[in-house]
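Commentary on secondary and tertiary structure
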Amino acid sequence: MIPTELLIHIIKIAAVIGVMLTIVAYTVMLERWLCAWMQDRVGPNRVGPFGLLQPLADGVKFIFKEDVLPHHIQHKIYFTLAPAITMVPALITIAVVPWGSYLPIFGHNIKGVLADLDVGVLYIFAIASLGVYGIVLAGWASNSKYPFLGGIRSSAQMISYEVCLGLSVVPVFMQVGALNLSRVVEYQAAHTWLVLCQPLSFFIFMVSAFAETNRTPFDLPEAEQELVGGYHTEYSSMKFAMFFLGEYANMFVASAMMVTLFCGGWSLPFAPFNAPATTLVAGLLHIAVFLAKVIFFLFVFVWVRWTVPRFRYDQLMALGWKIFVPLTIVNIFITGVVLMLMGAK
Amino acid sequence: MQVQRPKLTFLERTYIPQILKGMWLTIKHVPQKKFTRQYPEEKPVLFGDYRGAPTLVKDPENRVKCVSCQLCEFVCPPKAIRITPGFRAEGAPDENVEKEPQEFEIDMLRCIYCGFCEEVCPEEAIYLQRDFAIAGYSRDELKFKKQKLLELGGVRPDSIWKWKYKGAPPPGTPIGPVRDGKGAPVAEA
């Protein structure tokens, strides 16, 4: 007999991964639709009603494709490992993001987060930085020039923007006074969304998130036109699909982070969304609100991709180091001064 | 050459208003009318004298019009046509025509749809139809034989009944096929 606690956790994990991967698959769909509509085309509409089964067809196609291992690859183990290393961090960072407040069911008050870690955001940054290894490893193990260039670009880019990303959220935690993401959301539910108090933080976090997830306008590591797809040029079949899923899963995590840190997580500024849930229905509604916000940000990701052209590499680096890093430091300083003047703890 | 670069304001140098403007532009296109034609369901509108697959036609009395003179074979620029001449069966009602193709083959993979065969044919026996989607599973399958060409061509209801009138059409008969404004052949009363 499995203890109830364990069972609850297993179900929660399955639900989170299941919902996340479904949303990730449909983000690909959304990407293709939105890009088509913005270009006055129709988009995928053949598989199932309105083409809604397209992700399924894509998945089946990926599984049945030949898994090509180019002959020039010397380190097969790294080559094979790289896609997994890209995919996994995205899946495990979601563990500390609160999807909802509480789910009171059968006498158990289930938390809406898989792991209610007090180091929450530090954990996310620690794990998310592992993602760069997958890309660098892929670029290097492919043993071919375009993936190599992609790998180099991404290592420089992701390391630079991790600095901005990390510094940009410091004011948030200065204001909230806790690193636990559930506390951050509860603070926002009780007070106000942090995007209103920290607009600059939010902006820098969002732009850095675009860079961290290798999305346009910062998709230099995979620039199709220059690098033939960059680090995943030599990959095929499910290995490529892992990179693909990893990228979109990273987008999901980035959106979830933006929602959690700046846009109130599961909360809305009116009842019953401005306090942790006490009934099951409210708990489920909180999760729905969270997912709706995440989907909105995924939409923004796609929207920006099909609007803004790619940055030049020196522009990217200049933006990161010369503009965002100083700005975040000034922002931290100002937040500190304001908090001190307001006499906060 | 010296390019005069415009002096940008601070707001312009942040690119933010420009990016927002661009996003407004892209989102405006989402509900707009799409240009895509849903092809297999929605066929393109073909213009007037569209030249599609060349085919053999029969006259209104269901006789093969081709007399295998081989002019089309000679005129065909890519040499897509191959004719094996033959004779009409002895004792047939139109025995006086003497010749008809024993085999008539058009290689649709070679054909360039120039329409010279249609122009050159003295019997008006070969016509370009409006079919444009010609597909097959092998090269041999796309070498259309006489039977297939006659099937595709069908009966052409035009005025040249050469064998009936022995070269002299009844007075007032228009010369050549009658076409409507769009170029499609019109059946005559």
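Residues numbered from 1 in each chain as written. Chains lettered and ligands numbered in written order. Predicted model: local features only at pLDDT ≥ 70, side-chain atom pairs only at ≥ 80, totals over all residues.

1. Here's the deal with the overall build of chain B
A count of helical and extended segments in chain B gives six helices and five strands. Per-residue burial for chain B yields a buried fraction of 17% across its 189 residues. Sequence-distant contacts, at least 24 apart, represent 69% of the contacts inside chain B between residues at least 6 apart. (Helix = DSSP H or I, 4+ residues; strand = E, 2+ residues; numbered from the N terminus. Buried ≥ 20, exposed ≤ 12 C-beta atoms within 10 Å, placed from the backbone. Contact = placed C-beta atoms within 7 Å.)

2. Description of the overall build of chain A
Each helix and strand in chain A was counted, giving 14 helices and two strands. In terms of its C-alpha atoms, chain A occupies a principal-axis envelope of roughly 60 × 55 × 45 Å. Looking at chain A as a whole, 43% of its 345 residues are labelled buried.

3. A word on the confidence of the model for chain B
Regions with low pLDDT should not have their predicted coordinates read in detail. On average, residues of chain B carry a pLDDT of 82, and 84% of them reach 70 or more. Of all helices and strands in chain B, the one with the weakest mean pLDDT is helix α6 (residues 162–165) of chain B (60), whereas helix α3 (residues 71–75) of chain B scores best (92). (pLDDT = per-residue confidence, 0-100.)

4. Details of the pairing of strand β3 (residues 99–107) of chain B
In this structure, strand β2 (residues 81–87) of chain B lies alongside β3(B), joined through seven bridges in antiparallel fashion. Across the sheet, residue B:R82 finds its bridge partner in β3(B), namely B:E105. (Pairing = 2+ DSSP bridges.)

5. Regarding the interface of chain A and chain B
Much of the literature gives interface size as the accessible area that the parts lose upon coming together. The interface of chain A with chain B comprises ten residues on the first partner and eleven residues on the second. Looking at side-chain class alone, the side of chain A that touches chain B contains seven nonpolar, one polar and two charged residues. (Nonpolar A, V, L, I, M, F, W, Y, C, P; charged D, E, K, R; others polar.)

6. Here we look at the nonpolar core
With 77 residues, the main nonpolar core has A:F205, A:A249, A:F252 and A:M258 as its most contacted residues. If one sorts the elements of this core by residue count, helix α12 (residues 237–262) of chain A sits on top with 16 residues. Not counting the four nearest positions on each side in its chain, A:M258 is found in contact with A:F205, A:M206, A:A209, A:C263 and A:F297. Judged by nonpolar contacts, the second largest core, of 22 residues, contains B:C66, B:I83, B:I126 and B:L128. (Core = buried A, V, L, I, M, F, W, Y, C linked by C-beta atoms within 7 Å.)

7. Some thoughts on unusual backbone geometry
Among all residues except glycine, the phi angle is most often negative; among peptide bonds, the trans geometry is most common. Even without being glycine, A:S237 reaches a positive phi, approximately 55 degrees. Among the secondary structure elements, A:S237 is positioned in helix α12. Using a count of 16 C-beta atoms within 10 Å as the deciding quantity, one classes A:S237 as partly exposed. Here B:K79, not a glycine, exhibits a phi torsion of approximately 55 degrees, which is positive. For B:K79, the location among the structural elements is in the loop between α3 and β2.

8. Some words on the environment of B:L109
Residue and element names in this part refer to chain B. Considering the arrangement of structural elements, one finds L109 in the loop between β3 and α4 (116–120). With 13 C-beta atoms packed within 10 Å, L109 lands in the partly exposed category. With 29 residues separating them in the primary sequence, L109 and A80 have C-alpha atoms 8.0 Å apart. Setting aside residues up to four positions removed in sequence, L109 forms contacts with R139 and L142.

9. Topic: helix α5 (residues 131–141) of chain A
Residue and element names in this part refer to chain A. By the criterion of burial, α5 is predominantly enclosed, with nine of the eleven residues buried. Taken as a whole, α5 has its buried residues at G131, V132, G134, I135, V136, L137, A138, G139 and A141. Packing partners of the buried residues in α5 comprise α3 (76–93), α4 (120–128), α6 (145–168) and α12. Just downstream of α5, N143 is the residue with a positive phi angle, here 55 degrees.

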